[in-house]
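Next come the chains, spelled out residue by residue.
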Amino acid sequence: MKFHKPQSLPDCLCLLGKLKDPWLLAGGTDINIQIRHKQGIKDDVVLINHLPELSGIKIADGKLIIGATATIKEIADSEIIKKECPYLSESLVDFASPLISNLATIAGNIANSSPTADTIPLLLVLKAELVLSSTQGYRKIALENFYTSYKHNVLNPGEMISSIEIPIMPLDSYTSHYVKVGSRKALTIAKAALAFIKTKDEYRIAAGSLTEYPKRLLNVEAYLNNNKEIVNSKLFDVLDEDVSPISDFRSDEDYRLQVCRNHLIKFIK
Amino acid sequence: MIISFKLNNEAVTITTDPMRRLLDVLREDMKMKSVKESCGEGECGACTVMLGNKPVTSCLVNIAQVEGKEVLTAEAISETPIGKLLIDCFEETNAVQCGFCFTGFLVSCWHYLTTNPVDDVDAIKHAISGNICRCTGYVKIIEAMQLACRRINEGAIS
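Thresholds applied
- Residues numbered from 1 in each chain as written.
- Chains lettered and ligands numbered in written order.
- Predicted model: local features only at pLDDT ≥ 70, side-chain atom pairs only at ≥ 80, totals over all residues.
- Helix = DSSP H or I, 4+ residues; strand = E, 2+ residues; numbered from the N terminus.
- Rg over C-alpha atoms; globule rule 2.2 N^0.38 Å.
- Contact = placed C-beta atoms within 7 Å.
- Nonpolar A, V, L, I, M, F, W, Y, C, P; charged D, E, K, R; others polar.
- Pairing = 2+ DSSP bridges.
- Axes fitted to C-alpha atoms, helices over the stretch in contact; angles between N-to-C directions.
- Buried ≥ 20, exposed ≤ 12 C-beta atoms within 10 Å, placed from the backbone.
- Left-handed = near helix turned anticlockwise from the far one by under 90°.
- Domains from an automatic or database assignment.
- Arc of directions from axis to C-beta.
- Parallel < 35°, antiparallel > 145°, perpendicular 65-115°, else oblique.

A. Up close: the overall build of chain B. Counting secondary structure elements, chain B contains 6 helices and 5 strands. For 158 residues, the compact-globule estimate of 2.2 N^0.38 gives 15 Å, and the C-alpha radius of gyration of chain B, at 15 Å, lies within 12% of that figure. If one aligns the C-alpha atoms of chain B with their principal axes, the spans along those axes are about 45 × 35 × 25 Å.

What follows is the structure, encoded as structure tokens:
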């Protein structure tokens, strides 16, 4: 395993253009464990958490711009986020533990592409966009189009997430709720997670741990947006089209589905 | 690779494999034995240290990530006024039993007391939620922290 420490973001992108599928090391909360257990070892590791271009949280053009290497704790504690999007800061308080959220980065949580990633359902309902950079320049992609299948995403070789953009919504224009169900309150991996936003015009609902990658529940949203009288049995039928919970060592299919139904009903009432 | 950082307020420079864990460098090279390994996956908090003013699990940190930063371990924290007060409070409430987790708790608790020492059970529970203790059931640890908060707020530390 070869270690690289680029001096700047252009240096880093140049390096990514040359190396074959390297690891990008920012917080290290996933990669350092894989290195320790010699799981899926790659030939190259590129350190990025020292690059100032990738850090920080700011506002530009009516959007929150969150640097790729902003840690979960930095986001939860950010005065800008607390003011413009308290839904995000409040929902991230129980991410892992304070010891881990001081290290773990937002782009790491996204790029790791886990079905249980805690930040993704929230970012989906907030209509986040990712800025993907390479030596060719950059492109923007909506987070809901980022994943292609279980643990896979649209990042091309030589490309990296450089920032996350969230459109700022007036606080009085929506209501929101986030629920993460795990075996315990702290330091747990979600059995099911749901993020909800309701505006004047629409419902936005996204789920984690209930699909092969976190997704918006588009059929549920359409049903809620188009029907004034909600019939629970019909709602559950469309929910079945959107989620595909699995049984594994963490939980079972029936439980995950029931939890999802219960919280859905709770939110729409 | 040459890596320089501050360890317990002293500048250190080492030449080592950049992929080693901060935990291993602290224990093996620096002989900081307060930093313990238990789970090795960030779950238990036995290896907690301060990294750049924030408590982290040092088993998840790669030494290359530490370049230019400040590291504080329980060795230095236990010599500070708040560290000493914390140790007294843990003793008085019998909050230490086997002691294996204690140095990790000391770091998390010290961070809480030095940033916002509010006598609030929920906030204290959140602050120590990354540290596991298998002896006490936490009740005595929370009592120790509440006692420390009260003493600080009564002016025990000048």
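Next, the rest of the story.
B. Representation of the interface of chain B and chain A. Contact residues are listed per partner, giving 24 residues for chain B and 22 residues for chain A. Put simply, the parts of the chain that give the side of chain B that touches chain A at least two residues each are β4 (54–57) and α5 (121–127) of chain B. Ranked by the residues each element gives to the side of chain B that touches chain A, the list is headed by β4 of chain B, at 4 residues. Looking at side-chain class alone, the side of chain B that touches chain A contains 9 nonpolar, 10 polar and 5 charged residues.

C. Structural context of the sheet that holds strand β1 (residues 2–7) of chain B. Residues and elements named next belong to chain B. Read from one edge to the other, the open sheet built from 5 strands follows the order β2-β1-β5-β3-β4, with strand pairing classed as mixed. In this open sheet, the two strands that pair with only one neighbour each are β2 (10–15) and β4. Between one strand axis and the next, the sheet turns through 40° on average, direction left out of account. Note: strand β3 (residues 48–51) against β4, 4 bridges, orientation antiparallel. By the bridge assignment, Thr-48 is partnered in β4 with Thr-57. Contacting β3 and β4, helix α4 (residues 102–115) runs over the sheet at an angle of about 40° to β3.

D. Summary view of unusual backbone geometry. Residue and element names in this part refer to chain A. In this structure, Lys-38 takes a positive phi of about 50° despite not being glycine. With respect to the helices, strands and loops of the structure, Lys-38 is situated in the loop between α2 (31–36) and β3 (44–47). Judged by C-beta crowding, with 8 C-beta atoms within 10 Å, Lys-38 ranks as exposed. Within the chain, Ala-96 stands out as a residue other than glycine whose phi angle is a positive 45°.

E. Summary view of the sheet that holds strand β11 (residues 174–181) of chain A. All names here are of chain A. Here we have 4 strands laid out as an open sheet, ordered β11-β12-β13-β14, and antiparallel in their pairing. At either margin of the open sheet sits one strand with a lone partner, and together these are β11 and β14 (215–216). For β11 and strand β12 (residues 192–199), the ladder comprises 8 bridges, and the chain directions are antiparallel. Residue pairing for β12: Val-181 is matched across the bridge by Ala-192. Seen against the sheet, helix α9 (residues 218–226) touches β13 (203–208) and β14 and runs at an angle of roughly 155° to β13.

F. Region of interest: the packing of α4 of chain B against helix α6 (residues 139–153) of chain B. All names here are of chain B. Viewed as axis vectors pointing N to C, α4 and α6 meet at an angle of 35°, and their least axial separation amounts to 11 Å. At the point where α4 passes α6, the crossing takes the right-handed sense. Listed contacts from α6 to Phe-105, Cys-109 and Leu-113 of α4 are Ile-141, Met-145, Ala-148, Cys-149 and Ile-152. Its residues assigned to classes, the contact of α4 with α6 shows 8 nonpolar, no polar and no charged.

G. Seen up close, the environment of Glu-70 of chain B. Residue and element names in this part refer to chain B. With respect to the helices and strands, the residue Glu-70 is situated in strand β5 (residues 70–72). Accessibility expressed as a C-beta count within 10 Å gives 15 for Glu-70, which makes it partly exposed. Each C-alpha atom of the pair Glu-70 and Tyr-112 lies 18 Å from the other, and the pair is 42 residues apart in sequence. If we skip the residues at most four places from it in the chain, Glu-70 touches Phe-5, Lys-6 and Gly-52.

H. Focus on the pairing of β3 of chain B. Residue and element names in this part refer to chain B. The alternating pattern of β3 places Thr-48 and Met-50 and Val-49 and Leu-51 on opposite faces, both of which are buried. Linking β3 back to β4 in an antiparallel pair, the connection comprises 2 residues, with Gly-52 at a positive phi of about 55°. Of the strand pairs in this sheet, β3 and β5 are connected by 2 bridges, and their pairing is antiparallel. Note that in β5 the partner of Met-50 across the bridge is Leu-72.

I. Up close: the domain arrangement of chain B. Residue and element names in this part refer to chain B. Taken domain by domain, chain B holds domain 1 (2–73) and domain 2 (78–153). In this structure, domain 1 and domain 2 have C-alpha centres spaced 22 Å apart. Contact residues are listed per partner, giving 11 residues for domain 1 and 10 residues for domain 2. Only β3 and β4 provide two or more residues apiece to the side of domain 1 that touches domain 2. Counting residues per element, the side of domain 1 that touches domain 2 draws most heavily on β3, which supplies 3 residues.

J. Highlighting α9 of chain A. Residue and element names in this part refer to chain A. Buried within α9 are the following residues: Val-220, Tyr-223 and Leu-224. Down the axis, α9 shows its buried residues gathered within 95° of arc, on one side only. Away from the buried face of α9 by more than 90 degrees, exposed residues Asn-225 and Asn-226 are located. Each element contacted by the buried residues of α9 is listed here: β13, α10 (232–242) and α11 (253–268).

K. The packing of α10 of chain A against α11 of chain A, seen in detail. Residue and element names in this part refer to chain A. Contact geometry of α10 with α11 gives a least axis separation of 11 Å together with a crossing angle of 125°. Looking at the two axes, α10 sits oblique to α11. The handedness of the crossing between α10 and α11 comes out as right-handed. For the pair α10 and α11, the contacting residues are Asn-232, Leu-235, Phe-236 and Leu-239 in the first and Cys-260, Arg-261, Leu-264 and Ile-265 in the second. Class assignment for the residues of the contact of α10 with α11 results in 6 nonpolar, 1 polar and 1 charged.

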